[in-house]
Amino acid sequence: MRLTDVEIDESLSANEGWKREDGKWIAKKYRFAAFMDAIAFVDRVAIASELLNHHPFIAIDYKIVTLRLTTWRGGGLTALDFQAAEAFNNVYTSE
Ligand SMILES: C[C@H](O)[C@H](O)[C@H]1CNC2=NC(N)=NC(=O)C2=N1
């Protein structure tokens, strides 16, 4: 279930903009032209999360949305986190 450090590094390089945080997390900040674009993105993230049954922590700071992922059940980073990261990158547009 949990990925090795090598697997994590490989997965990070395949998911643009995502960085490892505190060992067991990956995070990415998404920037938008307007606040409502940020909110529309969060809605798309929510839909993708429900489809994957894998959910990020979401912080909305005006025109910046920070997503953080870990696998709670797995106690660390798993393939699910990187599947979710890829899905969130795929639903991102800055406006
Ligand atoms: C019951 C439900 O399937 C689980 O709680 C799911 C929901 N979303 C989840 N999201 C994340 N990030 N990790 C989990 O382990 C997880 N588990």
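Residues numbered from 1 in each chain as written. Predicted model: local features only at pLDDT ≥ 70, side-chain atom pairs only at ≥ 80, totals over all residues. Heavy atoms only, no water.

- Going by the annotation in an unreviewed UniProt entry, the name recorded for the chain is 4a-hydroxytetrahydrobiopterin dehydratase, with Paenibacillus endophyticus given as the source organism.
- What UniProt states about the chain under its Catalytic activity (unreviewed entry) heading is, verbatim, "(4aS,6R)-4a-hydroxy-L-erythro-5,6,7,8-tetrahydrobiopterin = (6R)-L-erythro-6,7-dihydrobiopterin + H2O".
- As its UniProt record puts it under Sequence similarities (unreviewed entry), the chain is described as follows: "Belongs to the pterin-4-alpha-carbinolamine dehydratase family." (UniProt positions renumbered as here; feature names shortened; annotations may be inferred.)

Concerning helix 1 (residues 5-13)
Here is step 1 of the chain: Those residues of helix 1 not exposed but buried are Ile8, Ser11 and Leu12. Seen from one end, helix 1 has its buried residues packed into an arc of 100°, which puts them on one side. In helix 1, the exposed positions that point more than 90 degrees away from the buried face belong to Val6, Glu10 and Ser13.
Here is step 2 of the chain: Where the residues of helix 1 are buried, they touch strand 1 (19-21), strand 2 (25-31) and helix 3 (79-90). (Buried < 20%, exposed > 50% of the residue type's maximum accessible area, 1.4 Å probe, protein only. Helix = DSSP H or I, 4+ residues; strand = E, 2+ residues; numbered from the N terminus. Arc of directions from axis to C-beta. Contact = heavy atoms within 4.5 Å.)

Some points on unusual backbone geometry
Here is step 1 of the chain: A positive phi angle, near 55°, is found at aspartate 22, a position not held by glycine.
Here is step 2 of the chain: With respect to the secondary-structure elements, aspartate 22 resides in the loop between strand 1 and strand 2.
Here is step 3 of the chain: Of note in this structure, asparagine 53 is not a glycine but carries a positive phi near 50°.

What to know about the sheet that holds strand 1
Here is step 1 of the chain: With respect to topology, 4 strands assemble into an open sheet ordered 1-2-4-3, the strand pairing being antiparallel. Sheet topology places strand 1 and strand 3 (57-61) at the edges, where each strand pairs with a single neighbour. Sheet twist, expressed as the mean angle between neighbouring strand axes with direction ignored, is 30°.
Here is step 2 of the chain: Sheet analysis places strand 1 next to strand 2, joined by 3 bridges and oriented antiparallel. For lysine 19, the partnering residue across the bridge sits in strand 2 and is alanine 27.
Here is step 3 of the chain: Contacts from helix 3 reach strand 2 and strand 4 (64-69), with the element oriented near 5° to strand 2. (Pairing = 2+ DSSP bridges. Axes fitted to C-alpha atoms, helices over the stretch in contact; angles between N-to-C directions.)

A few points about the side chain of threonine 66
Here is step 1 of the chain: In this fold, threonine 66 is placed in strand 4.
Here is step 2 of the chain: Residue classification places threonine 66 among the buried residues on the basis of a relative accessible area of 3%.
Here is step 3 of the chain: At a separation of 3.1 Å, a polar atom in the side chain of threonine 66 contacts the side chain of lysine 29.
Here is step 4 of the chain: Beyond its immediate stretch of four places on either side in the chain, threonine 66 contacts Lys28, Lys29, Phe57, Ile58, Ala59 and Asp61. (Polar contact = N/O pair within 3.5 Å; in protein donor to acceptor, adjacent residues only side chain to side chain.)

Notes on the packing of aromatic side chains
Here is step 1 of the chain: For the structure on display, the rule yields 9 aromatic pairs.
Here is step 2 of the chain: With 4.7 Å between their ring centres and 45° between their planes, tyrosine 30 and phenylalanine 41 make a pair best called tilted. Remark: phenylalanine 41 occurs in helix 2 (residues 35-52) and tyrosine 30 occurs in strand 2; sequence separation between them is 11 residues.
Here is step 3 of the chain: For phenylalanine 41, a relative accessible area of 0% translates into the label buried.
Here is step 4 of the chain: Summarising the aromatic geometry, the rings of phenylalanine 57 and tryptophan 72 are spaced 6.1 Å apart at their centres and angled 40° between planes, so their arrangement reads as tilted. One end of the pair, phenylalanine 57, is in strand 3; the other, tryptophan 72, is in the loop between strand 4 and helix 3, and 15 residues separate them in sequence. (Phe/Tyr/Trp six-rings, centres within 6.5 Å; stacked < 30°, edge-to-face > 60°.)

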